[in-house]
Amino acid sequence: PSLLAQPQAITVIEHTAGTSQTIANGNRVQIGTVHNWYGSFSPTIATNQVTLASGYYYYVESTVQAYQLNVAFGLNAYISYRHYDETNTADIGVTATTWQAGSGPDYQLFARDSVARALIDCTTSGIDFSVKVSAFANCDRINCNAAQYIYAGLGRTVIWQLES
């Protein structure tokens, strides 16, 4: 017997890539294209918020790529971000912090394995959520597709829709 239940659906949302998305505490990360990988869940997206329908639990993971475009380079560059429940105006889940790896070929760009995670109970009512910056230093762009973007996976949010 299987120990883990199969999800109802898995959806991946690309974060918007460009050179103009600046970093500031409390800013919503810009999100874009929805890719349905499994099942039939396609969330609604408006003003960089994702609407989760009622009747399910959701497990959500998000990651962002940070870039140093117009700031002095430093080895103490980082970005922290988390999920934010826009419906109930509250931080939810676990904060992710991505640190710059150090000097080298991708000195300006850093995207590693850190992810913000949240298990969201929408069994009785749905919510809107976003991904927001909570702290940063020595980086100034999110999901930047300038010079070294080819080395990064850029940002994304993965949503597992689970049975209630």
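Rules behind the numbers
Residues numbered from 1 in each chain as written. Predicted model: local features only at pLDDT ≥ 70, side-chain atom pairs only at ≥ 80, totals over all residues. Heavy atoms only, no water. Helix = DSSP H or I, 4+ residues; strand = E, 2+ residues; numbered from the N terminus. Buried < 20%, exposed > 50% of the residue type's maximum accessible area, 1.4 Å probe, protein only. Contact = heavy atoms within 4.5 Å. Salt bridge = Lys/Arg side-chain N within 4 Å of Asp/Glu carboxyl O. Phe/Tyr/Trp six-rings, centres within 6.5 Å; stacked < 30°, edge-to-face > 60°. Lys NZ or Arg CZ within 6 Å of the ring centre and 35° of its normal. Pairing = 2+ DSSP bridges. Core = buried A, V, L, I, M, F, W, Y, C linked by side-chain atoms within 4.5 Å.

(A) Examining the overall build of the protein chain more closely. Along its length, the protein chain carries zero helices and 13 strands. Reading the helices (α) and strands (β) of the protein chain from amino to carboxyl end gives β-β-β-β-β-β-β-β-β-β-β-β-β. The buried share of the protein chain, reckoned over its 164 residues, is 44%. Residue pairs in contact within the protein chain that sit at least 24 positions apart in sequence constitute 75% of those at least 6 positions apart.

(B) Spotlight on the pattern of salt bridges. The tally for this structure, following the rule as stated, stands at four salt bridges. Here Glu-61 makes a salt bridge to Arg-117, at a shortest N to O gap of 3.3 Å. Note that Glu-61 is positioned in strand β5 (residues 56–63) and Arg-117 in strand β10 (residues 116–122), a separation of 56 residues in sequence. Residue Arg-117 is classed as partly exposed on the basis of its relative accessible area of 36%. Residue Asp-140 is joined to Arg-141 by a salt bridge in which the shortest nitrogen-to-oxygen separation is 3.6 Å. As far as burial versus exposure is concerned, Asp-140 and Arg-141 are alike and both buried. Three or more residues are tied together by salt bridges with common partners; here these are Arg-28, Glu-86 and Lys-132.

(C) Looking closely at the packing of aromatic side chains. Throughout the structure, instances matching the rule amount to three aromatic pairs. With 5.1 Å between their ring centres and 45 degrees between their planes, Tyr-59 and Trp-160 make a pair best called tilted. A residue pair is termed long-range when its members are at least 10 positions apart, and Tyr-59 in strand β5 and Trp-160 in strand β13 (residues 156–162) qualify at 101 residues. Ring-pair connections join several aromatic residues into one group, and the members of that group are Phe-41, Tyr-56 and Tyr-58. The ring centre of Tyr-84 lies 4.0 Å from the NZ or CZ of Lys-132, which sits over that ring.

(D) Region of the structure containing the pairing of strand β1 (residues 9–15). With six of seven residues buried, β1 is to be regarded as a mostly interior element. Two strands pair when backbone bridges link them, and β1 and β13 are joined in this way by six bridges, in the antiparallel orientation. From the neighbouring strand, Ile-10 faces β13, where its bridge partner is Trp-160.

(E) A look at the pairing of β10. Because side chains alternate across β10, one face comprises the buried residues Ala-116, Ala-118, Ile-120 and Cys-122, and the other comprises Arg-117, Leu-119 and Asp-121, none of which is buried. Where β5 meets β10, seven bridges bridge the pair, whose relative direction is antiparallel. By the bridge assignment, Ser-62 is partnered in β10 with Ala-116.

(F) Region of the structure containing the nonpolar core. Ranked by size, the top nonpolar core spans 15 residues in total, and within it Val-50, Leu-52, Tyr-58, Ile-120, Ile-127, Phe-129 and Ile-159 carry the most contacts. For this core, the secondary structure elements donating two or more residues are β1, β4 (49–52), β5, β10 and β11 (127–137). In terms of residue count, the dominant contributor to this core is β10 (three residues). Judged by nonpolar contacts, the second largest core, of 12 residues, contains Val-29, Val-64, Ala-66 and Cys-139.

(G) Highlighting the environment of Ala-24. Note that Ala-24 resides in the loop between β1 and β2 (31–38). Judged by relative accessible area, Ala-24 falls into the partly exposed class, the value being 27%. Linking Ala-24 and Ala-137, residues 113 residues apart in sequence, is a C-alpha distance of 9.9 Å. Not counting the four nearest positions on each side in its chain, Ala-24 is found in contact with Val-133 and Phe-136.

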